[in-house]
Amino acid sequence: MKPQPLSSPLHRSQASLDIGLALLLFLFALGARLAWVVDFGAYEEFLHKGILMINTNDGYYYAEGARDLIAGFHQENDLSPLHAPLSLLTAWLYHLTPFSLEALLLGMPLFFGASIVFPLYLLGKELASRNVGFFGASLGGVAVSYYNRTMAGYYDTDMLVLVLPLWMFYFLFKFLKEPRALFWILSVLFGIASVLWHNGLANLYVGVFLIGILYLLFFEESNPKRWHALSLILLLCLPNPSFLQIGVVILLGFWIAQTPSLNPSLAPWFTLALLVWVLLGGALSPLWYQLEVYLFRPSVEASAPSLHFYSVVQTIREASTLSFEKLAIRISGHPLSFGLALLGYLFLAFKRPLFWLTLPFVALGFLGMKSGLRFTLFAVPFMALSLGFLIESILAQIPQKLWRFPLFALATLLALWPNLDHILDYRIPPVFKAKEVHLLEAFKEIANREDYVIAWWDYGYGLRYYSDVKTLIDGAKHAGNINYPVSYALLSQDALASANMARLSVEFTERSFKEGWNGDEVVAKMMEHYGFSDPNAFLEALSQDTLPLPPKSREIYYYLPLKMMEILPTVDLFSHLDLSTGRSKESGFFFYTQNFIDQKDFIDLGRGLRIDKTEGILEFQSGERVALREFIITQEEEGEVHSKSLKLDSTAPLYAVYMKNQRAIFLADEHYFRSLFIQLFALGNYDSTLFEPILSSPWAKIYKLKR
């Protein structure tokens, strides 16, 4: 068909059809995301200021930046992301729309996440047909892993991490088909915007460039215009492009589009010059770091010549490996759909070689088997298009054209069903409950903005957002060497050692800001300050009341939430090791549950465990029986914990504790039972010369350090 003028009736009708289908797809993706809002929005315990709270810890990082931008001030060295694009966008929308900050945190991922259907539909139409675009957008907008990370309340950069690159690909493909300056400028702007939005995408553009060169060598060797245009993708590989570099890309692209003929012999030199510029700009440094962290996965981090710490990657669920079946489900909803989509990808790339440029995104998604489930979403849109292309190609072989559309519609519904079923069953709650937030807001009225809170990194962002205080670790700052002091302070069996470690960690962290050294080396700096070369000797010194501490510059608090019970063994991994060798010490025993059944003679704890109440014995499913040392019942009244203890066997290794207010039971050996966290939170036992209870509830407790 000959191209129609933009003003022709046929073109207008086709454009109207595209707009209508795209809006229908958007409403479908939007409606699917509203299921979670309807489900959890009915519970008051998840509402704050009448709005459903967000469901990702990392979201509170960007929310803190948005809050401070709206307020117009922040504290020095508070790590608030004032320059993060998501925080800036949120603050901008806050000022331009009638929505509250809480409403924006909930709704932005809902709308921006669903907006993937627009570039995906157009890209599918550009590569193949309107049907392929419709299929790809409908499936890509609700596929398991993409939905999980762009659902309502998932306030994170994932909401646009694929939308922007998809627009870049769409306009790049349009430019390579029809070299108009507008297409190139839009492609560059979306490409640069994607790198600014998430600089990790620069790593993927390295792969896009390399694939682009291979494409040119095999398919377009004699086309200098395409060679020059694809070479400019190199400049998207810079993780933090400057305005100068952005301007250079736009001007060169404009020159390429406007120049009628280009000298083919100049193309290799043009590419080489750009390659040198990009390498000098440090394009590969972030890539090597990501490969080291997620592929080679060191179990121990060496922080200094004599210190070895536990690697955090070993404990992050999102970085855990996946089975092939789970990978397939997360990308396409079902292993069969995934297998067909894989065939479709190869077929589409064979028919439309430009589609190979998307291979780095697909490969990163497949690397989820090794690098973790967080990466699988990158393959989703391209595999969705591929499955649609394969189905359309198969149905095109049917002689009776009348059957093609209903069969295509049926195939679309079958592909969507497992993904929609997942959405209806995916009941991830908000990070905080209202009662937890009320305590944090009450704490905000007590603490100063310069004060620090000793808390595990899972709660760092939330503490900073609701209480406006400082933390040592958080969702981004959690390497093994900085997790160690916090883990030690929370789980040390020596209250004085915990207090000293907390004070030293805070004061040396502040000193790192002023003196300009790496705050990750805080333990090494402490040892250097006190003249220790043996970490074990340094730890022994922490237990001495005579250890001279630096002058107190601010208050320090301990935040001890009930939910930390669920991850206590993980927290312990970071400090229960020999710093001189990195070898973990013998692990203890800890078990926590709120799902138990109290029967006449037994307490069924689940997971094959039960307590024989008549004999005071813990029974395992394997038949092993372990005696209990004590059975303790705790109850909190007016902020104080009262306990009753039943002595059972003084030589037994385990304690059983029933927390009545929380309706929870935990089992702990001596190592965990004597830890500061258990003593302060569960039992209310504290050294009044070191700690002072500030706020207390069954769900969280906050203590003030007196040293």
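Only a predicted model underlies this, so the values are computations on that prediction, with no experimental measurement involved. (Residues numbered from 1 in each chain as written. Predicted model: local features only at pLDDT ≥ 70, side-chain atom pairs only at ≥ 80, totals over all residues. Heavy atoms only, no water.)

Turning to the environment of Ala-664, a few remarks are in order. Locating Ala-664 in the fold gives a position in strand S16 (residues 664-669). By relative accessible area, which is 0% here, Ala-664 ends up buried. As a C-alpha pair, Ala-664 and Thr-593 span 71 residues in sequence and 5.8 Å in three-dimensional space. (Helix = DSSP H or I, 4+ residues; strand = E, 2+ residues; numbered from the N terminus. Buried < 20%, exposed > 50% of the residue type's maximum accessible area, 1.4 Å probe, protein only.)

Right, let's talk about the packing of helix H24 (residues 480-491) against helix H25 (residues 495-515) for a bit. The interhelical angle for the contact between H24 and H25, taken along N-to-C directions, is 150 degrees, at an axis separation of 8 Å. Between H24 and H25, the angle falls in the class roughly antiparallel. With respect to the hand of their crossing, H24 and H25 are arranged in left-handed fashion. From H24, Tyr-484, Pro-485, Tyr-488 and Ala-489 reach across to H25, where they touch Ala-497, Ser-498, Met-501 and Ser-505. (Axes fitted to C-alpha atoms, helices over the stretch in contact; angles between N-to-C directions. Parallel < 35°, antiparallel > 145°, perpendicular 65-115°, else oblique. Left-handed = near helix turned anticlockwise from the far one by under 90°. Contact = heavy atoms within 4.5 Å.)

Bridge analysis of strand S11 (residues 609-612) against strand S12 (residues 617-620) gives four bridges, and the strand direction is antiparallel. Residue pairing in the sheet places Asp-612 in a bridge with Ile-617 of S12. In this antiparallel pair of consecutive strands, S11 and S12, the connection spans four residues, and Gly-616 shows a positive phi of 65 degrees. In terms of strand pairing, S12 meets strand S13 (residues 625-637) through three bridges, oriented antiparallel. The residue bridging Leu-618 from the neighbouring strand is Val-626, located in S13. The antiparallel hairpin formed by S12 and S13 contains four residues in its connecting segment, where Gly-623 sits at a positive phi of about 105 degrees. (Pairing = 2+ DSSP bridges.)

Let's shift gears to unusual backbone geometry. Phi at Asp-468 takes a positive value of approximately 55 degrees, unusual for a residue other than glycine. By secondary structure assignment, the location of Asp-468 is in the loop between helix H23 (460-467) and strand S6 (470-471). Classification of Asp-468 by relative accessible area gives buried; the value is 9%. Despite not being glycine, Arg-663 shows a phi value in the positive range, around 50 degrees. Note on placement: Arg-663 falls in the loop between strand S15 (654-659) and S16. With a relative accessible area of 43%, Arg-663 lands in the partly exposed category.

This brings us to the pattern of salt bridges. According to the stated counting rule, one finds 32 salt bridges in the structure shown. The salt bridge partner of Arg-130 is Asp-18, with a shortest N-O separation of 2.8 Å. With Arg-130 in helix H6 (residues 130-140) and Asp-18 in helix H1 (residues 9-40), this residue pair connects regions lying 112 residues apart in the sequence. The partly exposed category is assigned to Arg-130, whose relative accessible area is 21%. Residue Lys-552 pairs with Glu-555 through a salt bridge whose shortest N-O separation is 3.0 Å. For Lys-552, a relative accessible area of 42% corresponds to the partly exposed category. Each of Arg-67, Asp-68, Arg-449 and Asp-468 takes part in salt bridges that share partners, so that together they form one network. (Salt bridge = Lys/Arg side-chain N within 4 Å of Asp/Glu carboxyl O.)

Here we come to the packing of aromatic side chains. Taken as a whole, this structure holds 46 aromatic pairs when the rule is applied. Taking the centre distance of 6.4 Å and the plane angle of 75 degrees together, the rings of Tyr-147 and Tyr-426 count as edge-to-face. A residue pair is termed long-range when its members are at least 10 positions apart, and Tyr-147 in helix H7 (residues 144-148) and Tyr-426 in the loop between helix H21 (404-425) and helix H22 (434-444) qualify at 279 residues. Looking at Tyr-147, the relative accessible area reads 0%, which means it is buried. Here the aromatic residues Phe-169, Phe-173, Tyr-205, Tyr-345, Phe-355, Trp-356, Phe-361, Phe-378 and Phe-382 are joined through ring pairs into a cluster of three or more. Sitting over the face of the ring of Phe-596, Arg-663 holds its NZ or CZ atom 4.5 Å from the ring centroid. The ring of Phe-681 is capped by Lys-701, whose NZ or CZ atom sits 4.4 Å from the centre of that ring. (Phe/Tyr/Trp six-rings, centres within 6.5 Å; stacked < 30°, edge-to-face > 60°. Lys NZ or Arg CZ within 6 Å of the ring centre and 35° of its normal.)

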